[in-house]
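# Structural description and commentary
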Amino acid sequence: MKLGVSTYSYWHFTPERVPIEHIIDEAARLELDGIEILHQQMQSEATPYLQRLKRHAYINGLDLYALSIHQGFVSPEENTRQKNINHTIHCIRLAHELGIPAIRLNSGRWGTIKSFNELMKTEGQEPTLPDHTLDEAFDWVIASIEECLPDAERYGVILGLENHWGLTCTPEGVNRIVSAIDSDWLKVTMDCGNFLSDPYDKLQQIANDAVLVHAKTYYGEGEWYTLDLDYARIGKILQDAGFNGYVSIEFEGKEDAHTGVPKSVEMLRNTLFSNKNL
């Protein structure tokens, strides 16, 4: 396994974005293997900016291993779903231009619970829209992802479906989508902090298809919630699943990232990356 950091760790959607170049410098200082780029954090999509990021990572000995994007396919409106399909295909091509081999994929959610705090009380599950069913939503998501797969294969970018809010807030939801499509280009981004109760059995259920792991940490208490995760136990789950890919730190605490991320690196090297989990 390799250890990297998501640029999200240094920027939690505040008005002033933290430059990705600065995070590359920090990752190199911490002797990490690479970084995951949060799409919304990019200052531009212009070619000169993309090439500068590639160059800066390369001369610092870092991989650009994932692009974390946002989309949602849970909508009865075909135009809305098509807009999100187009966005995903655009980001597949953007990842290819950056030399990135994987993107984080979301299923989307109903949006019937507006408050994120209220959504966390239900562990990410929501009522359906009136006159619609859960089965419909899964059909929309599966069909939408299938529209993206030709470009994923053409450009060599794996789609990593994350256990996130909405349809993928349970392992059953994640596996229902991945098994229905059965493609080498659709796998799983396993987020260790997105199953809010009894996470280990749930993580185990999706680990076999994981191509990327998000390791949430919460120094200074979490921005939205705090979990006490046993990363030695998670390491055993990954070992048993034969996972050899990137573990991407997503520091989600209120502490300054310049101290919270180094603490996360040290903790993960002493637990997830201890000899018994290699």
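Attention in this report is confined to the structure presented alongside it. (Residues numbered from 1 in each chain as written. Predicted model: local features only at pLDDT ≥ 70, side-chain atom pairs only at ≥ 80, totals over all residues. Heavy atoms only, no water.)

### Overview of the side chain of Ser 274
Position of Ser 274 among the secondary structure elements: in the segment after α9 (257-270). There is a polar contact of 2.9 Å between the side chain of Ser 274 and the backbone oxygen of Thr 271. (Helix = DSSP H or I, 4+ residues; strand = E, 2+ residues; numbered from the N terminus. Polar contact = N/O pair within 3.5 Å; in protein donor to acceptor, adjacent residues only side chain to side chain.)

### So, the packing of helix α3 (residues 78-98) against helix α5 (residues 134-155)
Between α3 and α5, the shortest axis-to-axis distance is 10 Å and the interhelical angle comes to 25°. What the angle tells us is that α3 and α5 run roughly parallel. You can see that α3 and α5 cross each other, and the crossing is right-handed. Between α3 and α5, the contacting residues are Arg 81, Ile 85, Thr 88, Ile 89, Ile 92, Arg 93 and His 96 on the first element and Trp 140, Ser 144, Glu 147, Cys 148, Asp 151, Ala 152 and Tyr 155 on the second. In the contact of α3 with α5, the residues fall into 7 nonpolar, 3 polar and 4 charged. (Axes fitted to C-alpha atoms, helices over the stretch in contact; angles between N-to-C directions. Parallel < 35°, antiparallel > 145°, perpendicular 65-115°, else oblique. Left-handed = near helix turned anticlockwise from the far one by under 90°. Contact = heavy atoms within 4.5 Å. Nonpolar A, V, L, I, M, F, W, Y, C, P; charged D, E, K, R; others polar.)

### Considering helix α2 (residues 47-59)
Between its first and last C-alpha, α2 extends 18 Å over 13 residues, near the 18 Å set by a 1.5 Å rise per residue. Buried residues along α2 sit in contact with α1 (20-29), β2 (34-38), β3 (63-68) and α3. Following α2 by one or two positions, Gly 61 adopts a phi angle in the positive range, close to 70°. (Expected span 1.5 Å × (residues − 1).)

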